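Breakdown of the fold
Each chain, letter by letter, is given below.
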Amino acid sequence: KAYKRAVNLLARPIMLKGPLRIEVEIHSRDNRRRDIDGYPKGLFDALTNAGVWEDDSQVDEMEFVRGENNKINPHLKVKIFKI
């Protein structure tokens, strides 16, 4: 719930339509091992809830990569493109 609220504050409700590509750069707090496949579900649900797109089924392409760690401000950098 807290994550969804945070995304609602940061994301612009633009209601994208049609097929989409999403690129996500993960900036974790530290070097602990994390499965990269755990990120999409929560992020996609939060973006849907924030009104960024109609439904996460619109995502036809996705790329998740690890960025540099950021102990002070761990975050995800998200780019969404119409395809």
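So, on to the sheet that holds strand 2 (residues 59-66). Strand-to-strand pairing in sheets goes through backbone hydrogen bonds, with the strands running parallel or antiparallel. If you trace the three strands from one edge of the open sheet to the other, you get 2-1-3, paired in mixed fashion. Only two strands of the sheet have a single neighbouring strand rather than two, namely strand 2 and strand 3 (75-82). Across the sheet, the mean angle from the axis of one strand to that of its neighbour is 15 degrees, orientation sign disregarded. Across seven bridges, the pairing between strand 1 (residues 20-27) and strand 2 is parallel. In the strand pairing of strand 2, arginine 21 is matched with glutamate 61. Sheet strands in contact with helix 2 (residues 39-49) are strand 1, strand 2 and strand 3, and its direction is about 125 degrees off that of strand 2.

Scoring rules and cut-offs
- Per chain, the residues get numbers from 1 upward, laid out in the order the sequence is written.
- A pLDDT threshold of at least 70 governs which residues receive local features in this predicted model, and a stricter bar of 80 or more applies before side-chain atom pairs are shown or counted, although totals over entire chains, interfaces and linings include all residues.
- To get the side-chain values, all heavy atoms of the structure are used, and hydrogens and water are removed first.
- We treat two strands as partners when DSSP finds at least two bridges between them.
- By the criteria applied, helices consist of DSSP H or I runs no shorter than four residues and strands consist of E runs no shorter than two, each listed in order from the N terminus.
- Every axis in this analysis is a line fitted to C-alpha atoms, fitted for helices over the stretch in contact. Angles between the N-to-C directions lie between 0 and 180 degrees.
- Every residue pair with non-hydrogen atoms within 4.5 Å of one another is taken to be in contact.

Everything listed is a geometric property; what it means functionally is a separate question.
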